[in-house]
Amino acid sequence: MPSWPLKNKQKEIPTNNHPGSFWEDRGDRHHCGIDLYSDVESDVFAIEPGIVIETGLMTSPEWIHYWNHTYFVIIKNDHGNYWKYGELKEIYVKSGENISEGQKIGKVGLVLDSEKINETSPAYIQKLKGKNPSMLHLELYSYEPISRHEKYLGGNWFSDEMPDQLLDPTEKLASI
Ligand SMILES: [Zn+2]
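On a predicted model such as this, the values are computed, not experimentally measured, just so you know.

Bound to the zinc ion on the protein side are H31 (NE2), D35 (OD) and H137 (ND1), at distances that span 2.0 to 2.1 Å. Positions of the donor residues of the zinc ion along the chain correspond to the pattern H-x3-D-x101-H. The burial state of H31 is the same as that of D35; both residues are buried.

Moving on, we come to the sheet that holds strand β1 (residues 30-31). Neighbouring strands of a sheet are bound in pairs by backbone hydrogen bonds; such pairs are parallel or else antiparallel. The antiparallel open sheet is built from three strands, whose spatial order is β1-β11-β10. Unpaired on one side and paired on the other, β1 and β10 (152-153) mark the two borders of the sheet. Sheet analysis places β1 next to strand β11 (residues 156-157), joined by two bridges and oriented antiparallel. Each bridged residue has a counterpart across the sheet, and for H30 the counterpart in β11 is W157.

Definitions and cut-offs
Residues numbered from 1 in each chain as written. Predicted model: local features only at pLDDT ≥ 70, side-chain atom pairs only at ≥ 80, totals over all residues. Heavy atoms only, no water. Donors = N, O, S within 2.8 Å, 3.2 Å for Na, K, Ca; no water. Buried < 20%, exposed > 50% of the residue type's maximum accessible area, 1.4 Å probe, protein only. Pairing = 2+ DSSP bridges. Helix = DSSP H or I, 4+ residues; strand = E, 2+ residues; numbered from the N terminus.

Nothing here speaks to function; it is all geometry.
Structure below.
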């Protein structure tokens, strides 16, 4: 049985194009995952057992000036799909490491540096200025999870055509 990735936090899954929902239309981009809002530094736990296949930088101020550094972990779970846990402040696991369900893998981070958001920032980002939303950003893939791609940046996809391997995690999360 999969387990919920954030302890001490009620299940709240954004749907229907609400902020943080899967494939949310953000104007020039679509959201590749689901955002589970939680306090900065909340512990993040593996939903399913598996093996870490990749870790890396998810956002960086060197790419977008109003971003902080956050990290991602991709775990190939024993049932074949891949979870990508993103927007983490810290990660506690390494590539090649076997992961048990419920294992602590990282901490929730904060992507946006509000002070650096200005009138040149995308409209949906400007609306978030001063709100400092922090979250676990979760993506689900059937094969070849995406970490770097010319159409992908910071958990968003810059095209209306969804990548084949990207799955909607809503039902899976709701069933936990
Ligand atoms: Zn997100």
